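Structural overview for review
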Amino acid sequence: MKETFYITTPIYYVNDVPHIGHAYTTIAADALARYHRMKGQKVFFLTGTDEHGEKVHKSAVQQGVSPKELADRVVTRFQGLTPALHITNDDFIRTSEQRHYASVQDLFRKSLAKGDIYLGAYEGWYCTPCESYWTDLQLADGNCPECRRPVEKRKEPSYFFRLSSYQRPLLDYYERNPAFIRPESRRNEVVSFVAGGLNDLSLSRTSLTWGIPVPGDPAHVIYVWYDALTNYITGVGYPAGGERFDTFWPADVHIVGKDILRFHAVFWPAFLLSAGVAPPLGVFAHGWWTVEGQKMSKSLGNVVDPYEMVATYGPDAFRYFLLREVPFGTDGDFSRKALVHRINSELANDFGNLLNRSLGMLGKYFSGTVPPQARPGEEERAMKAKAEDVLRAVDGAMEELELHRALSAIWELVKAGNKYVDSTAPWTLAKDPARRERLGTVLYTVLETARICVLLSAPFVPVAAQNMWEALGCEGAVEKAVLSTAGRWGGLSEGATLARSAVVFPRIEE
Ligand code: ME8
């Protein structure tokens, strides 16, 4: 096993407040970061905000504030997601920070020195009120696709990146690293895009001032995507380098939405290869959410606010739903009905019940004291084997970034635990004093099954998992438990006295 794991989210534009799409990427990355910590790896998890460029500039102008003022206000909404959603990022990067200026300019200088960046001219259709360039293809009946006003052909000096020289190196990189782009279907898209030929990329603007100046030519600001992508190395200490950079770079995986895969899988590795920095090891593109069957948009008024979700359903339920409802990598639909249904049936009924019925019986038959495993029989050996299978299945799924598959494996164990209770019928055993030892073995087995379910669920439902962990008399923070030891059957302490119930996943009225 690799000793380290570096995972990132995209950095979010501060032109608007966070919505479900942002929360989704961050939650998925968090579950992965938490899981890898529980594997005993040294993890670095980075998120942050993308504060430069036209989008943010425009939004600031509309609101009558400076871009920096807008960024300073909106960034708090993104930073607030960390406590609200129980995110465990190790750092939060803002592209307006000094450390980032140094990083972007250094990377730029390296490619300039290599001859991969040259001064040319950018030509396009310019819309003056929108301060934007458009290509022929983007125009709407010859007009600006945003404000519908006429555009004019304009030319401005621009630095270009020799992306055309990187077609072969990129294709080689994809070939040598088959897992670089995931899921597989996305990989094929990117490979055929690159195989189709690459044009050089305009990397600077003189028509915009809100950005990082080109080193040595401050009339230009650097293209926002070049600036934004570089955050991933700034966050671990580029350009100074040092222990953090050496430990964590190249990143293991950048989690991104499917719409921004090309930037990450084509431009970013090319920029790095040119500057002599190792490209990341992986990029994973997830799908998009619609809301109640419709595209999410401000004009439809159906934007899902993560803060509202947490206030209504709690962080665990929201996290669980997003990661369970659709396979990670495909599109999905968000609906309150589906969310409530999953909370009630999978969290409250299946999982909450497994724990509470076992704690209840332990209280009733053993005054809450965990009995010894005494004499495990065939059914107990089967439960233990099932738990071991599930631990392996979860690991395989998490390594493949198949979060939904990890969750469904955990729920198989939850269901197997409930079935075991039904078939061993402790309430019947309790009637016969001669079967007390057997009753003890059964209760130990079901509580131990619950303990392993709790352990495995901790990356997904961290708050409830901690409560359940404590209810089971386990010490310390579940997030600090290491799977290879804590996942071994028999971790539940015999003789410990447990509570008779735990508040875990409250049911929601439909
Ligand atoms: O793209 N469902 O920032 P951003 C799922 N700053 N994901 C969604 C979504 C939806 N309905 N809507 C948006 C940027 N997203 C750049 C990134 S990284 C170096 C720079 C996702 O704030 C989208 O796919 O516009 C993207 O991954 C993320 O939100 C950030 O979007």
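Every value quoted in this text rests on a predicted model; they were computed, and no experiment measured them.

This brings us to the packing of helix H5 (residues 98–114) against helix H11 (residues 261–275). The description of two packed helices rests on the angle between their axes and on the distance between the axes. Running from N to C, H5 and H11 cross one another at 65°; their axes reach a closest spacing of 8 Å. Relative to H11, H5 is oriented roughly perpendicular. Crossing of H5 over H11 shows left-handed handedness. On H11, the residues that touch Leu107, Lys110, Ser111 and Lys114 of H5 are Trp268, Phe271, Leu272, Leu273, Ser274 and Ala275.

Attention now goes to the sheet that holds strand S11 (residues 217–222). With respect to topology, three strands assemble into an open sheet ordered S9-S11-S10, the strand pairing being antiparallel. In this open sheet, the two strands that pair with only one neighbour each are strand S9 (204–205) and strand S10 (213–214).

We now examine the nonpolar core. Counting residues in hydrophobic clusters, the biggest one holds 114 residues, and the most contacted among them are Phe318 and Phe334. Each of domain 1 (4–286) and domain 2 (336–486) gives at least three residues to this core. Setting aside its immediate chain neighbours within four residues, Phe318 contacts Ile20, Ala23, Ile27, Leu85, Pro306, Met309, Val310 and Phe334. Core analysis: the next-biggest nonpolar cluster, separate from the first, contains 56 residues, Tyr166, Val224, Ile260 and Ala285 among them.

Attention shifts here to the environment of Leu46. As for its placement among the helices and strands, Leu46 is situated in strand S2 (residues 42–50). The buried category is assigned to Leu46, whose relative accessible area is 0%. Along the primary structure Leu46 and Ile7 are separated by 39 residues, whereas in three dimensions their C-alpha atoms are 6.5 Å apart. What Leu46 contacts, discounting residues up to four positions off in sequence, is Tyr6, Ile7, Thr8, Thr9, Asp91, Phe92, Ile93, Asn231, Tyr232 and Gly235.

Now for the site of the ligand. Inspection of the region around the ligand gives 22 residues, with Ile11, Asp50, Gly257, Asp259 and Trp289 positioned closest. Between Asp50 and the ligand, the recorded distance is 2.8 Å, taken from a side-chain N or O atom to a nitrogen atom. A distance of 2.9 Å is found between a nitrogen atom of the ligand and a backbone nitrogen or oxygen belonging to Trp289. Out of a free accessible area of 680 Å², the ligand has 93% covered by protein chains. Of all the secondary-structure elements, those providing two or more residues to the shell around the ligand are strand S1 (4–13), helix H1 (20–38), helix H8 (224–229) and helix H9 (231–234).

Attention shifts here to the domain arrangement of the protein chain. As assigned here, the protein chain comprises domain 1 (4–286) and domain 2 (336–486). The straight-line distance from the C-alpha centre of domain 1 to that of domain 2 is 43 Å. If you look at the interface, domain 1 gives 14 residues, while domain 2 gives 18 residues. For the pairing of domain 1 and domain 2, the buried interface totals around 1,500 Å² over both sides, and the portion due to carbon and sulfur atoms is 67%. When the area that domain 1 buries against domain 2 is broken down by residue, the three leading residues are Arg34, Tyr35 and Met38, summing to 48%. Scanning the region where domain 1 abuts domain 2 turns up three salt bridges. Between Asp395 and Lys39 there is a salt bridge, with its nearest N and O atoms 3.0 Å apart. Run the count over domain 1 and domain 2 and you get six residue pairs in polar contact (both at pLDDT 80 or more). Of all elements in the fold, only H1 and strand S12 (253–257) reach the threshold of two or more residues within the side of domain 1 that touches domain 2. A per-element tally of the side of domain 1 that touches domain 2 places H1 first, with seven residues.

It is worth spelling out the pairing of strand S13 (residues 283–286) at this point. Within a regular strand, the side chains alternate between the two sheet faces. Alternating residues of S13 divide into Val283 and Ala285 and Phe284 and His286, and every residue in both groups is buried. Here strand S7 (residues 181–182) runs beside S13; their pairing, made up of two bridges, is parallel. Across the sheet, residue Ile181 finds its bridge partner in S13, namely Val283. Where S12 and S13 come together, four bridges link them in parallel fashion. Its bridge partner being in S13, Gly257 is matched across the sheet by His286.

A separate point is the environment of His19. Note on placement: His19 falls in the loop between S1 and H1. Spatially, the C-alpha atoms of His19 and Asp305 are 5.0 Å apart, while their sequence positions differ by 286 residues. Setting aside residues up to four positions removed in sequence, His19 forms contacts with Met296, Val303, Val304 and Pro306.

This part is about the packing of aromatic side chains. Scanning all chains against the criterion turns up 31 aromatic pairs. Ring centres of Phe321 and Phe334 lie 5.5 Å apart, and the angle between their planes is 90°; this geometry places the pair in the edge-to-face category. With Phe321 in helix H13 (residues 315–325) and Phe334 in strand S15 (residues 332–334), this pair connects stretches of sequence that are 13 residues apart. Overall, Phe321 belongs to the buried group, its relative accessible area being 1%. A network of ring pairs unites the aromatic residues Phe108, Tyr159, Phe161, Tyr166, Trp225, Tyr226, Phe263, Phe267 and Phe271 as a single cluster. Geometry around Tyr126 places Arg154 over its ring, the cationic atom sitting 3.9 Å from the centre. Note that Arg436 overlies the ring of Phe366, its terminal NZ or CZ placed 4.1 Å from the centroid.

Parameters and conventions
Every chain is numbered on its own, with residues counted from 1 as its sequence reads. For a predicted model such as this one, the threshold for reporting local features is a pLDDT of at least 70, and the threshold for listing and counting side-chain atom pairs is 80 or more; totals across whole chains, interfaces and linings nevertheless cover every residue. Excluded from the side-chain calculations are hydrogens and water; all other atoms, namely the structure's heavy atoms, are used. Only C-alpha atoms enter the line fits that serve as axes; for helices the fit covers just the stretch in contact. Angles between N-to-C directions range over 0 to 180 degrees. Note on conventions: DSSP H or I runs of at least 4 residues are helices, E runs of at least 2 residues are strands, and numbering of each starts at the N terminus. An angle counts as roughly parallel when it lies under 35 degrees, as roughly antiparallel when it exceeds 145, as roughly perpendicular when it falls between 65 and 115, and as oblique in every other case. Each helix crossing is assigned a hand: it is left-handed if the near helix lies turned anticlockwise from the far helix by less than a right angle, otherwise right-handed if that turn is clockwise. Here, residues are in contact when the closest pair of their heavy atoms is within 4.5 Å. Two strands make a pair as long as DSSP finds a minimum of two bridges between them. Working definition of a nonpolar core: buried Ala, Val, Leu, Ile, Met, Phe, Trp, Tyr and Cys residues. They are joined through side-chain atoms within 4.5 Å. The classification of residues rests on relative accessible area computed with a 1.4 Å probe and restricted to protein chains. Under 20% of the type maximum is buried, over 50% is exposed, and intermediate values are partly exposed. Here the bounds of each domain stem from an automatic or database domain assignment. We define proximity as follows: a residue is near a molecule or strand when any one of its heavy atoms falls within 4 Å of that partner. Here a polar contact is recorded for every N or O atom pair within 3.5 Å, except that within protein the pair must consist of a potential hydrogen donor and a potential acceptor, and residues adjacent in sequence are included only if both atoms are side-chain atoms. Note on areas: these come from Shrake-Rupley sampling with a 1.4 Å probe, and a residue is covered only by the protein chains present in the view. Buried surface area refers to the total accessible area, computed with a probe of radius 1.4 Å, that the two partners give up upon joining, counted for both partners together. Here, a salt bridge means any side-chain nitrogen of Lys or Arg that lies within 4 Å of a carboxyl oxygen of Asp or Glu. Aromatic contacts are taken between Phe, Tyr and Trp rings whose centres are within 6.5 Å, Trp giving its six-membered ring; a plane angle under 30 degrees counts as stacked, one over 60 as edge-to-face, and the others as tilted. Cation placement over rings: the criterion is NZ of Lys or CZ of Arg within 6 Å of the ring centroid and within 35° of the ring normal.

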